[in-house]
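Geometric and topological summary
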Amino acid sequence: MTQPKLDLSPKVSDEIRKTTCYMCACRCGINVHLKSGKVAYIEGNRDHPVNKGVLCAKGSAGIMQINAPSRLKAPLKRVGPRGSGAFEEISWDEALQIATDWLDPIRKDSPEKLAFFTGRDQSQSFTSFWAQNFGTPNYAAHGGFCSVNMAAAGIYTMGGAFWEFGQPDWDHTKLFMLFGVAEDHDSNPIKMGIGKIKARGARVIGVNPIRTGYNAVADDWVGITPGTDGLFILSLVHCLMKAGKIDLNYLAQFTNAPCLVNGDEKSPEFGLLLRDDAGKELVIDRATGKLTPFDQKDVQPDLSATHRHAGISHRTVMQHMAERYLTDEYAPETVAERVGISAKRIRTLAAEIARVAFDEAFELDQEWTDFRGQTHKKMQGRPVSFHAMRGISAHANGFQTCRALHVLQILLGSVEVPGGFRFKPPYPKPATAHPKPHCAVTPDCPLDGPHLGFTHGPDDLALKDDGTPARIDKAFTWDNPMSSHGLMHMVISNAHAGDPYKIDTLFMYMANMSWNSSMNTGGVMEMLTDKDESGEYVIPRIIYSDAYSSEMVAYADLILPDTTYLERHDCISLLDRPISEADAIADAIRWPVIEPDRDVRGFQSVLCELGARLELPGFINKDGSQKYADYADYIVNHQRKPGIGPLAGWRMGEKGLTSGRGDVNEGQLDNYIENGGFFVEHIPEGANYYKPWNTAYQDWAVKMGVFDSPQPYLFSLYVEPLRRFQLAAEGVGERQPPEHLRDRIKETMDPLPIWYDPSPDNKADEFPITALTQRPMAMYHSWGSQNAWLRQLHGHNPLYLPTKLMQEHGLTDGDWAKVTSPHGEITVPVLEMAALNENTVWTWNAIGKRKGAWALDENAPEATKGFLLNHLIHELLPPKGDGLRWANSDPITGQAAWFDLKVRIEKSDVQNESQPVMPPIASPVEKDKGDLVWKVGK
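A brief look at the structure comes next. Only a predicted model underlies this, so the values are computations on that prediction, with no experimental measurement involved.

**Here's the deal with the packing of aromatic side chains**
According to the stated counting rule, one finds 44 aromatic pairs in the structure shown. Taking 6.2 Å as the distance between ring centres and 40° as the angle between the ring planes, the aromatic pair formed by Phe254 and Trp368 counts as tilted. With Phe254 in helix 9 (residues 248–254) and Trp368 in strand 18 (residues 368–369), the pair connects residues that are 114 residues apart, well separated along the chain. Each of the two residues, Phe254 as well as Trp368, counts as buried. Through successive ring pairs, a cluster of aromatic residues spans Phe162, Tyr250, Phe254, Trp368, Phe421, Phe423, Tyr690, Trp693, Tyr713 and Phe715. The side chain of Arg82 reaches across the aromatic face of Tyr537, ending 4.1 Å from its centre. Sitting above the plane of the Trp886 ring, Lys880 keeps its charged end 3.9 Å from the centroid.

Here's what the structure looks like:
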C-alpha cells in the first residue's frame, strides 16, 4: 500500500510585511503574510511593545475586512433623493472639483459654515490641522460621544487618565479594580495584564452592572446600579478617610491637598486657591509655620494648617475634603440602597483596598530626586490599581464620577508609584500644558488656534461677541464649559435646527451618524433628508468618506471612498494617540502592505490634495504648489514646531539619526518599516515612576520633545477651573452665564467630586429599567460586525434580561419583547442572563444593520434579528416647557449620556423580525452573493 505524501509544513507565505492592526484601538503589531501579493494570513508581531505577539479574533479577521463585499469601489455623486442610495460613479478629479467648488466659497466668505467631524480615525492631529487651516471652528472627533468625561476628568485632576493615557503597574499590582469596562477597550493589553497578575495571585474586582469579559474572570463582581458609580466611589472614600487609610505624605508632597482655599465670602476670589504674585499655589510650611509657594526647596506642606488674615480663615483643600466626605451623606448605610450594594459589602471592599494599599505596601530600592530638590532613597509602592472606561463615563454625571475615581486612587497614593496606576508618555500633562480652545473666524484665513483644548474659566469659552455659541455643537459654552472633545452627537441636530446658526456643508469621515453612531437614529435620518419651504435640503451639502457602504453613505451628496487599513499610510503619533507604555515612549505607522484593487484613496491623502486645491496655507508652498504629495509625505515632512514632527523615531540630528527632537529624515518611514512599523525608546531607570515630580523624567521628557521645559505640577484634588465657572454663576466677573443655567452650573461644577442623579426626570415609575449597550470583544466599529468571520460570532444580538425581569414578564429564552422609552419603542428577541444587575437590560452595540446597507442580503440576521438601542435614545432631553433645547449630555463636558436610558418592557406577540423595520436602502456596491472565499496560493 502506497502511503500518501503529506506536506506537514506547508509554506504559509512568500513574504511577511509588518504593520499595525486597525481592528480596534489597541494598535497591536501584526505580521501580514502574503502569497502572490495577496493577504494569506495575519498573526501578531512578537516584537511589538503593545501585544507581544498576542492577536485577538478581530485582528486575525482583518483579512476579511480588506476583502469585504461592502467596500466602496470609486467616488460617488448622488443622483437620487438623499437616503435613496442612488449614485453614479465619477472620477477622482470630478469628485475633488465638486468638493472644491462647494468649499472654496465658504472659506472665502464664512468658514464656520463648514462642519468637519471625524469618527474613530486615529489621525486627529492631522484632520484638526486641516480644519484649522480651513478656518472653521467646527471640528471635533468621536470623543464627545465616547469617553471625554474620563479623559477630561483625568487631565484636569492628575494630568492623564486610563487606557491611552496610562496603565496599571502589571509587574507589581496586587489588587486590580475595573469600573465600567467592556471588553472592546484595550483588549489585548488588559487580557495579558490580567493573566500576569492572576498568575501570581493578585485579585481582580469588577464593578459593572454586566458580568461579561473581564468582569467574568474577576475574583469579585460588583453588579452596581447604573449611574451610581460615583456615589459608590465616594462611599469608599468616606470609609478610607474615616479609618485613616490615606497616604498623608503623598497628599502633602504631590497634590493640592495642602494648598489654601480663599475663605473670604466677599472676595471675588472666594473658593479659589491662594497664590503668590507669580501665580504659584500657597501652602503653610510645617517646619516654619509660614506661608510659602508649594514648590520651594525643602518645603514641608501642612495638610491641616489654617491661614488667618484680616479676620478671615483660609483652610486647606484637605480640610474641605474631610468636611465633605466624612459626613453621613456618603456613609455606606446611606448609599447602599441607591447603589444596589449592601453597606457591609461596601465596607468590606474599602477594607480590602486599604489592606492591600497599606499592609502590603513595599519599597523599590531606587533613588530619585523630586522637583523641590529633595532626594528620596527609595520609591514607595502601593499595589492597588484601577481601570475604567465608558461604563462610568457615558452618564450625565460622568465627569464628576470619573473625578471621584481619580481622587480615590490619589488618596491612596497609588498614582505613578510602584504597584499603582502609571502614565504613558507623553502623559502626564496638566491641563495647563494643553492648548485652550480657539474660535476666532476670519474669512480666507486659518483659525486663530487649535479647536479643542482645556478651558480654565469663563474667559476661555468659545463664544461670539454677543455671547452666542461660536461652534455648531455648542462646545465650550455655558451649556457645557469643559467640552474638551466637542459634541459630535449634537452637530446634525443643531445644524438642522439652525441653533446656533445654519451651516452650508457637513463633511464627515468614518462616522456612521445615520445609524449606530447617532442618538435618535430615526430623527437624524429625517434631519438629513428634510427640506425647507423652498424645496432645498435644510443641510444643503453633505460630503462623506468611508471605506464601506455603511448606512451613512446613502445620506451623502458626495462620497470620497477610503482605503482599508492595509492599503494606506497611517500615523499613530505622539501628537495624537500613541502606543506608548508606562516604561517607554512609542509610536507607530501603517503602510500599504497591499495596493487597492479599486479606485479608492486614503482619506488623509485626499485631504492633502483638497487642501492644496483650496489653497490652505498649511498645504501649499510659497509658489502655490501642493506642499504634501500625500499623507506619507506629510508624516515625514510636517513639523508642528522646529524639530517636532508626527513621528519621534529616526529623526535627523547633528551627528546622525536621533529620537524625539530632530530634523526631517527622508528615509524615516523606511526606518519604521524595517523595525516592524514601530519605534520605542525606554525611559531611563529611576525616571520611570513619579513622573510629574521626578526631575530625571522631566529632563528626559524635554529631550524627547514632550515638553519644552520641565513641567512639574500638583495633582488637583480641588479643580480650580470648576470653581471659576461657579463664581460666574454666582454673579462674579464680566462674562456671565444665561439665567436658566446659573443654578445648574452652581450645582454640578463643584471643585470637589460630587454625585448627583444623572436622570432625575426619568419618570422612574413609568420607565424603571436601565438599558445599556457595550461592544463585544470581537468587534470595535460597525464595520467589524459585517466581517465574514466575525459574523459567525455575532450575527445578531439579543436583549439580555436578568432572571428577575424574565420571570416578572413571563419571558423565556427566544421570546420577543417590546421595549419602550420616553422617546420610542423597539421589539427584539430576549435571552436570560443571571450575572446582571437585577434592574438592568443590555445588548451588543452596532450589530443590527439596516436592510440594503453593507452589501448584506435583506434577510441577513443583522437586519432581521439584529437591532439598536439607539432608536430609544434622543440627543435632547424631554422638553421642560421653557422653549429651550436641553442636550442629553453631561452638563460639564457635553459627553453624550448614552447610559442614562430608561425603559419599560412587555412581552410581544411579534416573533419574527426586530422592530422598527426601516425601508431598505439601495447599495452602491453589489450585494453579497454568499460565496465569499478567502484562500490564496496553492
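We are not done yet, so read on.
**Quick word on unusual backbone geometry**
Put simply, Pro425 and Pro426 share a cis peptide bond, and its omega is 15°. Tracing the backbone shows Pro426 in the loop between strand 22 (421–423) and helix 15 (491–497). A cis amide bond links Asp499 with the next residue in sequence, Pro500, at an omega value of 15°. Along the chain, Pro500 turns up in the loop between helix 15 and strand 23 (505–509). You will see that Trp163, though not glycine, has its phi angle at about 65°, which is positive.

**Overview of helix 17 (residues 603–613)**
Taken across its 11 residues, helix 17 has eight buried, putting it largely inside the fold. Taken as a whole, helix 17 has its buried residues at Phe603, Gln604, Val606, Leu607, Cys608, Leu610, Gly611 and Ala612.

**So, the sheet that holds strand 9 (residues 175–179)**
Pairing is parallel across the open sheet formed by four strands, whose spatial order is 11-10-9-21. Each of the sheet's edge strands pairs with one partner strand only, and the pair in question is strand 11 (220–222) and strand 21 (384–388). Direction aside, the axes of adjacent strands within the sheet are offset by 15° on average. In this structure, strand 9 lies alongside strand 10 (residues 203–207), joined through five bridges in parallel fashion. Counted as the bridge partner of Leu175 is Arg203 from strand 10.

**Some details on the packing of helix 8 (residues 229–243) against helix 10 (residues 317–325)**
Look at helix 8 against helix 10: their axes get within 10 Å of each other, and the N-to-C directions meet at 110°. When the interaxial angle is binned, helix 8 and helix 10 end up roughly perpendicular. Where helix 8 approaches helix 10, its residues Leu234, Val237, His238 and Met241 are matched on the opposing element by Met318, Met321, Ala322 and Tyr325.

**Quick word on the pairing of strand 16 (residues 312–316)**
The two faces of the sheet receive side chains in turn, since in a regular strand these alternate between them. With two bridges connecting them, strand 12 (residues 260–261) and strand 16 associate as antiparallel partners. What sits directly across from Leu260, in strand 16, is Thr316. Two elements, strand 15 (residues 306–309) and strand 16, share four bridges in a ladder whose sense is antiparallel. Bridging from a neighbouring strand, His309 pairs with Ile312 of strand 16. Connecting the antiparallel pair strand 15 and strand 16 is a turn made up of two residues, with Ala310 showing a positive phi of about 55°.

**A short note on the state of the cysteines**
Scanning the entire structure with this criterion turns up zero disulfides. Free of any disulfide, Cys608 has its nearest cysteine sulfur in Cys571, 12 Å distant. Note on Cys608: relative accessible area 0%, which makes it buried.

**Notes on the packing of helix 8 against helix 11 (residues 332–339)**
Closest axis-to-axis distance for the helix 8/helix 11 pair is 10 Å, and the angle between their directions is 160°. In this view, helix 8 runs roughly antiparallel relative to helix 11, as classed from their interaxial angle. Handedness of the crossing formed by helix 8 with helix 11: left-handed. In contact with Leu231, Phe232, Ser235, His238 and Cys239 of helix 8, helix 11 contributes Pro332, Val335, Arg338 and Val339.

Rules of the game
- Residues numbered from 1 in each chain as written.
- Predicted model: local features only at pLDDT ≥ 70, side-chain atom pairs only at ≥ 80, totals over all residues.
- Heavy atoms only, no water.
- Phe/Tyr/Trp six-rings, centres within 6.5 Å; stacked < 30°, edge-to-face > 60°.
- Helix = DSSP H or I, 4+ residues; strand = E, 2+ residues; numbered from the N terminus.
- Buried < 20%, exposed > 50% of the residue type's maximum accessible area, 1.4 Å probe, protein only.
- Lys NZ or Arg CZ within 6 Å of the ring centre and 35° of its normal.
- Pairing = 2+ DSSP bridges.
- Axes fitted to C-alpha atoms, helices over the stretch in contact; angles between N-to-C directions.
- Parallel < 35°, antiparallel > 145°, perpendicular 65-115°, else oblique.
- Contact = heavy atoms within 4.5 Å.
- Disulfide = S-S within 2.5 Å.
- Left-handed = near helix turned anticlockwise from the far one by under 90°.

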